[in-house]
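These are the residues of each chain, in order.
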Amino acid sequence: MTDAEPPEDPVADDSSSGEEQKPANQGDASTTPSAERHVSARVPESVSTGVLSTGVIVMTGANEFVVDFIQGLGQPAQVAARVVVPHSVMPQFVDALKRNLEIYKQRYGDPPQLPQNPNPQQRQPSAQEIYDELKITDDVLTGSYANGVMIGHSMTEFKLDFLANLFPHTTVSSRVFMATPQVPRMLESLNRTYQQFLERVSKKPASPDVEPGDSIPPPPESTSSDDVSDPGTS
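1. Topic: the pairing of strand β9 (residues 157-166)
Here's step 1: In terms of burial, β9 is largely enclosed, as 7 of its 10 residues are buried.
Here's step 2: Judged from the 6 bridges that link them, strand β8 (residues 148-153) and β9 form a sheet pairing that is antiparallel. Bridged to Val149 within β9 is Phe162.
Here's step 3: Two successive antiparallel strands, β8 and β9, enclose a turn made up of 3 residues.
Here's step 4: The pairing of β9 with strand β10 (residues 169-179) spans 10 bridges and is classified as antiparallel. From the neighbouring strand, Leu160 faces β10, where its bridge partner is Val176.
Here's step 5: Where β9 folds back on β10, the antiparallel hairpin that results is connected by 2 residues.

So this is what it looks like as structure tokens:
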């Protein structure tokens with residue numbers, strides 16, 4: 001296990017170039033720029049090499065978001081990494097990614113655009129249909145918990161280090177690389193899913209207190225993909 005090193009072209013999610021990256025988590029959300037502390041994270045050997053993702057699917061549960069990073073370079077397409085993010089952390093993840101993308105634009109200009117869907121009227125597959133075509137291994141199925149994130153980029157790719165900020169050490173629980181053109185689409189998917197979650201919560205009636213021994217209904221779930229009809233080409 002090693003300490004995380006800054007990427008070749010480091011960009012902290014507090015929009016400060018050239019400094020050690022700060023995780024976007026609930027505990028640090030209210031700090032001012034002058035009070036922000038620098039954080040280093042341990043990187044287990046099992047996650048140090050990271051995985052490459054060509055698309056993302058976001059699912060909403062009762063207490064968390066599940067972010068599946070899809071690798072569609074071969075057949076069948078597979079879930080390369082699954083990250084479980086608490087509801088309270090998602091808006092900070094979205095904000096950190098948005099600011100990193102803005103810094104990218106300031107340095108290199110707008111990211112290259114992905115090809116448009118030649119048949120936008122085509123019916124989008126359901127979540128079940130998508131996952132029927134995806135391969136997911138047992139070690140990925142349970143996911144990796146993350147309550148923080150460090151983001152870095154170069155001209156051609158973004159690196160997402162998802163953090164488990166747990167005593168006594170902050171650890172990188174999952175490392176994902178994405179080509180730069182994929183990032184705006186991922187940001188759109190994450191932001192859309194979170195806004196849908198907020199709308200659903202605002203309309204949900206207050207639930208009665210649950211007494212000990214009472215059964216708790218299963219969590220609701222919704223799915224948002226990054227607007228691709230075929231996970232193999234996302």
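2. Regarding the packing of helix α2 (residues 90-108) against helix α5 (residues 183-203)
Here's step 1: Taken N-terminus to C-terminus, the directions of α2 and α5 make an angle of 150 degrees; their axes are 10 Å apart at the nearest point. Put simply, α2 runs roughly antiparallel to α5. Handedness of the α2/α5 crossing: left-handed. Facing Met90, Pro91, Phe93, Val94, Leu97, Lys98 and Leu101 of α2, the residues of α5 in contact are Val183, Pro184, Met186, Leu187, Leu190, Asn191 and Tyr194.
Here's step 2: Grouping the constituent residues of the contact of α2 with α5 by class yields 12 nonpolar, 1 polar and 1 charged.

Rules behind the numbers
Residues numbered from 1 in each chain as written. Predicted model: local features only at pLDDT ≥ 70, side-chain atom pairs only at ≥ 80, totals over all residues. Heavy atoms only, no water. Buried < 20%, exposed > 50% of the residue type's maximum accessible area, 1.4 Å probe, protein only. Helix = DSSP H or I, 4+ residues; strand = E, 2+ residues; numbered from the N terminus. Pairing = 2+ DSSP bridges. Axes fitted to C-alpha atoms, helices over the stretch in contact; angles between N-to-C directions. Parallel < 35°, antiparallel > 145°, perpendicular 65-115°, else oblique. Left-handed = near helix turned anticlockwise from the far one by under 90°. Contact = heavy atoms within 4.5 Å. Nonpolar A, V, L, I, M, F, W, Y, C, P; charged D, E, K, R; others polar.

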